[in-house]
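Reading the structure
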Amino acid sequence: MRKCNIFLVDDHSLFRGGLKILLERNEGLKVVGEAGSGEEFLEMLPAVEADVVFMDFSMPGMDGAEATEKALERCPDLKIVTLSMFGEESYYSRMVEAGARGFLLKDSDIADLLEAVDTVMDGGSYFSPQLLASLSGSIRSRDDVPADDQLSEREREILVAVCRGLSNQEIADELFISKRTVDKHRANILEKTGCKNTASLVVYAIKNGIVEL
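Here's what I pulled together on the structure shown here. For clarity, every value in this text was computed on a predicted model and none was experimentally measured.

**Concerning helix 1 (residues 13-24)**
Quick reminder: α-helices carry 3.6 residues per turn. Residues three or four places apart thus point the same way. Look at helix 1: 16 Å from first C-alpha to last across twelve residues, which is about the 16 Å you get at 1.5 Å a residue. Listed in full, the buried residues belonging to helix 1 are Arg16, Leu19 and Leu23. One side of helix 1 carries all its buried residues, which in axial view fall inside an arc of 70°. Buried-residue contacts for helix 1 involve strand 1 (4-9), strand 2 (29-35), strand 3 (52-56), strand 4 (79-84) and helix 5 (110-121).

**Here's the deal with the packing of aromatic side chains**
Enumeration over the complete set of coordinates arrives at two aromatic pairs. With a centroid separation of 5.0 Å and 70° between ring planes, the pair formed by phenylalanine 7 and phenylalanine 41 is classed as edge-to-face. Within this pair, whereas phenylalanine 7 is found in strand 1, its partner phenylalanine 41 is found in helix 2 (residues 38-44), the two being separated by 34 residues in sequence. Residue phenylalanine 7 shares its accessibility class with phenylalanine 41, and that shared class is buried. Geometrically, the ring pair formed by phenylalanine 103 and phenylalanine 127 is stacked, given 4.7 Å between the ring centres and 10° between the ring planes. Placement of the pair is phenylalanine 103 in strand 5 (residues 102-105) and phenylalanine 127 in strand 6 (residues 126-127), with a sequence separation of 24 residues. You'll find phenylalanine 103 and phenylalanine 127 in the same group, each marked buried.

**Quick look at the packing of helix 7 (residues 153-163) against helix 10 (residues 198-207)**
Interaxial distance between helix 7 and helix 10 falls to 9 Å at its minimum, and their mutual angle equals 115°. Like other packed secondary-structure pairs, helix 7 and helix 10 cross with a definite hand, here left-handed. Within the contact between the two elements, helix 7 uses Leu159, Val162 and Cys163 and helix 10 uses Thr198, Leu201, Val202, Tyr204 and Ala205. Considering only residue class, the contact of helix 7 with helix 10 consists of seven nonpolar, one polar and no charged.

**Section: unusual backbone geometry**
Most of the time, phi is negative for any residue but glycine, and the peptide bond is trans. Unlike most non-glycine residues, phenylalanine 176 shows phi in positive territory, near 60°. Inspection of the secondary structure puts phenylalanine 176 in the loop between helix 8 (168-175) and helix 9 (179-193).

**Brief notes about the sheet that holds strand 3**
Spatially, 2-1-3-4-5-6 is the arrangement adopted by the six strands of the open sheet, whose pairing is parallel. At either end of the open sheet lies a strand with only one pairing partner, and these are strand 2 and strand 6. The pairing of strand 4 with strand 5 spans four bridges and is classified as parallel. Bridging across to strand 5, serine 84 finds its partner in leucine 105.

**Looking at the state of the cysteines**
By the definition in use, this model includes zero disulfides. Left unpaired, cysteine 75 is separated from the closest cysteine sulfur, that of cysteine 4, by 14 Å.

**Here we look at the pairing of strand 3**
With five of five residues buried, strand 3 is to be regarded as a mostly interior element. Neither face of strand 3 is left uncovered, since the one carrying Val52, Phe54 and Asp56 and the one carrying Val53 and Met55 both have all their residues buried. In the sheet, strand 1 pairs with strand 3 via four bridges, with the strands oriented parallel. Within strand 3, the residue paired with leucine 8 across the bridge is phenylalanine 54. As paired strands, strand 3 and strand 4 are joined by five bridges and run parallel to one another. Its bridge partner lying in strand 4, aspartate 56 is registered against leucine 83. Handedness of the strand 3-helix 3 (residues 64-74)-strand 4 crossover: right-handed.

**Description of the nonpolar core**
Counting residues in each nonpolar core, the largest one holds 36 residues, and the members touching the most others are Phe103, Phe127, Leu159, Ile171, Ile210 and Val211. For this core, the secondary structure elements donating two or more residues are helix 4 (92-98), strand 5, helix 6 (129-136), helix 7, helix 8, helix 9 and helix 10. Here this core gets seven residues from one element, more than from any other, and that element is helix 10.

Rules used in this analysis
- Residues numbered from 1 in each chain as written.
- Predicted model: local features only at pLDDT ≥ 70, side-chain atom pairs only at ≥ 80, totals over all residues.
- Heavy atoms only, no water.
- Helix = DSSP H or I, 4+ residues; strand = E, 2+ residues; numbered from the N terminus.
- Expected span 1.5 Å × (residues − 1).
- Buried < 20%, exposed > 50% of the residue type's maximum accessible area, 1.4 Å probe, protein only.
- Arc of directions from axis to C-beta.
- Contact = heavy atoms within 4.5 Å.
- Phe/Tyr/Trp six-rings, centres within 6.5 Å; stacked < 30°, edge-to-face > 60°.
- Axes fitted to C-alpha atoms, helices over the stretch in contact; angles between N-to-C directions.
- Left-handed = near helix turned anticlockwise from the far one by under 90°.
- Nonpolar A, V, L, I, M, F, W, Y, C, P; charged D, E, K, R; others polar.
- Pairing = 2+ DSSP bridges.
- Disulfide = S-S within 2.5 Å.
- Right-handed = clockwise from strand over helix to strand, strands pointing away.
- Core = buried A, V, L, I, M, F, W, Y, C linked by side-chain atoms within 4.5 Å.

Note that all results are geometric; they support no functional claim without further evidence.
Here you go:
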């Protein structure tokens, strides 16, 4: 595991304590700061050198989206990963717009936490598998926004289907085209958008108004 300094922002001290123990059992990971609110986090931020921030969304006072936005104005290189519960899917668009790079459920396995750290440190975006499955059922295509200049109409159509959680074969069946054609379009979408995986594509689609939650 690479070296990574982590900051925890959550209004429940017991949760922060448990998360710190889990993270620091892994060589290279160190929790360098903790805050119980967005305001406290921003006060501490200038004095704490962190690489990754695990950020709760629902906190008293300043919520996670506002704290994320203000933190990235000061420290653009921070990688912020949202911590959430099921039922908070409606907030994810706000977190994406604020600049969050990852999304984890609070009951995620430690393996998901470690994968999230690795992925965002490499410049990618991360959704926990359970969360991605939950989101796929609520994602809807938006027809009231201009088409993405990078993507063709067919590529945009396939991107929406990917965000809905469909496999390449399911997309092929739905659009009455071959799986090989879907494979090619999907590869082109990844290349054009600079995304590396499905999670990154979901973030891209939300940020560019192609889908909504």
